[in-house]
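These are the residues of each chain, in order.
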Amino acid sequence: MGAQVIGTCCGFGVDYIKALDGALPDRIPSPRHEPRRVGYIYARQIPHMSKHNVTSNRPPDRQEESQMESRPLVVVGAGVSGTAAAIEAAKAGVQVTLIDENPISTSMVGLNVPQFFGQRFMDALRNKPLMLERVAAANDALAEAEEAGVEVQLGTCVWGAFRNTETSRALDGPQLGLADGKQSWVMKYDRLIVAAGSRDLGMSFVGSNMAGAMGANGAHSLMSRYQALVSTRAMVSWLGNLGLNTARMALDRGIEVAAIVDVSSSVPGDEPFKTALQGEGVDLYTSHTVKEAVGKADDIESVLLVDRRQ
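An unreviewed UniProt entry annotates the protein chain as FAD/NAD(P)-binding domain-containing protein originating from Geodia barretti. What the UniProt record of the protein chain gives under Pathway (unreviewed entry) is the line "Amino-acid biosynthesis; L-methionine biosynthesis via de novo pathway."

Participant: Give me the overall build of the protein chain: which residues, what numbers.
Facilitator: What the protein chain contains, in helices and strands, is seven helices and 17 strands. Of all 310 residues assigned to the protein chain, the portion counted as buried reaches 47%. Long-range contacts, defined here as pairs at least 24 residues apart, represent 66% of the contacts in the protein chain between residues at least 6 apart.

Participant: An account of the nonpolar core is needed here, citing residue identities and associated values.
Facilitator: Side chains of a nonpolar character, in soluble globular proteins, are inclined to be buried together. Formed by 44 residues in total, the largest nonpolar core has its most connected members in Val 96, Leu 125, Val 150, Leu 222, Tyr 226, Ile 260 and Leu 277. Residue contributions to this core peak at five residues, all from helix H6 (residues 240-252). The residues contacting Leu 125, other than those within four sequence positions of it, are Thr 106, Val 109, Met 131, Leu 222, Tyr 226 and Ala 228. The next biggest cluster of nonpolar side chains, apart from the first, holds eleven residues, and it includes Ala 213, Ala 259, Val 261 and Val 290.

Participant: Now, about helix H4 (residues 140-147): what can you tell me, with residues and values included?
Facilitator: The N-capping residue of H4, defined by a side-chain oxygen 3.1 Å from the backbone nitrogen of Ala 141, is Asn 139. Looking one or two residues beyond H4, the residue adopting positive phi is Gly 149, at roughly 100 degrees.

Participant: I'd like a rundown of the packing of aromatic side chains, residues and numbers included.
Facilitator: All chains considered together, the criterion is met by one aromatic pair. Aromatic side chains Trp 159 and Phe 162 sit 5.9 Å apart centroid to centroid with 65 degrees between the ring planes, which places their arrangement in the edge-to-face category.

Participant: Which residues make up unusual backbone geometry, and what values go with them?
Facilitator: Note that the residue after Asn 102, namely Pro 103, is joined by a cis bond; omega there is 0 degrees. The phi angle at Gln 119 is positive, at roughly 55 degrees, despite the residue not being glycine. With respect to the helices and strands, Gln 119 occurs in the loop between helix H2 (106-110) and helix H3 (128-138).

Participant: Residues and numbers for helix H5 (residues 216-225), please.
Facilitator: Here H5 lies mainly inside the structure; eight of its ten residues are buried. Of all the positions in H5, only Ala 216, Asn 217, Gly 218, Ala 219, His 220, Ser 221, Leu 222 and Met 223 are classed as buried. Directly beyond the C-terminal end of H5, a positive phi value near 55 degrees is found at Gln 227.

Participant: Run through the side chain of Asp 307, naming residues and quoting values.
Facilitator: The topology assignment puts Asp 307 in strand E17 (residues 299-307). Relative accessible area serves as the criterion here: at 13%, Asp 307 is assigned to the buried category. Reaching out from Asp 307, the side chain makes a polar contact with the backbone nitrogen of Arg 309 at a distance of 2.9 Å.

Participant: Explain the environment of Val 186 to me, using residue names and the numbers behind them.
Facilitator: Of note, Val 186 is situated in strand E10 (residues 184-194). Residues Val 186 and Gln 175 lie eleven residues apart in sequence; the distance between their C-alpha atoms is 6.5 Å.

Participant: Please give an account of the packing of helix H1 (residues 80-91) against H4 that cites residues and values.
Facilitator: Where H1 meets H4, the axes come as close as 9 Å, and the angle between the chain directions of the two elements is 20 degrees. Compared by their axis directions, H1 and H4 come out roughly parallel. In this structure, H1 meets H4 at a crossing whose hand is left-handed. When H1 is examined against H4, the residues Thr 83, Ile 87 and Lys 91 are found in contact with a partner set consisting of Ala 141, Leu 142, Glu 144 and Ala 145. Broken down by class, the residue content of the contact of H1 with H4 amounts to four nonpolar, one polar and two charged.

Participant: Can you tell me about the pairing of strand E13 (residues 233-237), naming the residues and giving the values?
Facilitator: For E13, the tally of buried residues reaches four of five residues, placing the bulk of the element in the interior. Where E13 lies against strand E14 (residues 256-261), five bridges are found, and the strand directions are parallel. The residue of E14 that forms the bridge with Ala 234 is Val 257.

Participant: Now, about the pattern of salt bridges: what can you tell me, with residues and values included?
Facilitator: Considering all chains together, one arrives at twelve salt bridges under this definition. Here Glu 256 and Arg 233 are joined by a salt bridge, their closest N and O atoms 3.1 Å apart. Of this pair, Glu 256 sits in strand E14 while Arg 233 sits in strand E13, and the two are 23 residues apart along the sequence. Linking Arg 248 and Glu 280 is a salt bridge whose minimum nitrogen-to-oxygen distance equals 2.5 Å. Here the residue Arg 248 occupies a position in helix H6, and Glu 280 occupies one in the loop between helix H7 (271-279) and strand E15 (283-285), the gap between them amounting to 32 residues. Residue classification places Glu 280 among the partly exposed positions, given a relative accessible area of 44%. One continuous salt-bridge network, built from bridges that share partners, spans Glu 69, Arg 71 and Glu 151.

What counts and how
- Residues numbered from 1 in each chain as written.
- Predicted model: local features only at pLDDT ≥ 70, side-chain atom pairs only at ≥ 80, totals over all residues.
- Heavy atoms only, no water.
- UniProt positions renumbered as here; feature names shortened; annotations may be inferred.
- Helix = DSSP H or I, 4+ residues; strand = E, 2+ residues; numbered from the N terminus.
- Buried < 20%, exposed > 50% of the residue type's maximum accessible area, 1.4 Å probe, protein only.
- Contact = heavy atoms within 4.5 Å.
- Core = buried A, V, L, I, M, F, W, Y, C linked by side-chain atoms within 4.5 Å.
- Polar contact = N/O pair within 3.5 Å; in protein donor to acceptor, adjacent residues only side chain to side chain.
- Phe/Tyr/Trp six-rings, centres within 6.5 Å; stacked < 30°, edge-to-face > 60°.
- Axes fitted to C-alpha atoms, helices over the stretch in contact; angles between N-to-C directions.
- Parallel < 35°, antiparallel > 145°, perpendicular 65-115°, else oblique.
- Left-handed = near helix turned anticlockwise from the far one by under 90°.
- Nonpolar A, V, L, I, M, F, W, Y, C, P; charged D, E, K, R; others polar.
- Pairing = 2+ DSSP bridges.
- Salt bridge = Lys/Arg side-chain N within 4 Å of Asp/Glu carboxyl O.

Here it is in structure tokens:
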């Protein structure tokens, strides 16, 4: 596989709620409307994690509105913060549902949603049961959450959150719109914690839309959570500990790291970390930035750098 650029520029999306293509209902059910089968699907398949086994169950195909699911507390995002919040709430006696979008469908990964994945992933990513197992195994805290009584729903995204406002007064309390990639439903909630974590931002150099240009979060997911990154050689752009950690992770997985590039004149990040990477042959370029990614057939083969001091 050709060269690869991993950009570590990201944005913190605390209030991030992702819309899933094709999953939006034609309307939100309310006490004034009887739910319809067409355009709004109540049946769904929710993946559950039970320690080392991932199973799924399917509720009845249709729910009356009076029987709509309701949870005292919903936590969106099963990363470090979200899982910790769910565990502490469960230990305090609160009924908690923890929702996480991973594993993400290959159609969304191919569109670089919600991370910048760079179109470099193995076919194994299409194996949903395998990905569920890997996602569960990559986060030991999920087993602890389940043992604490947290209901864990993997492979489920939030496409909307709704409360009564001036323009929507008929809702029967706060509601979340959920989808698992095939079906969509609504869940009531009393309290909501959104811990969606950071998101990759787009890169602005020429050729950044080519296969092989990816964000650090997308690279992390493919290397650790999914174990499905296809790459032999990489360059990491933008430094700091995020970039250093990305380079370290790539090296540990047998990927050659040609260089780490940063536009600043000094080298940010932990000094022992940088020294260790340099000791393994990774070059650090300061006062440089990526001007252009070069390749054939929309696949990166090399990168042109520019020295901002010249």
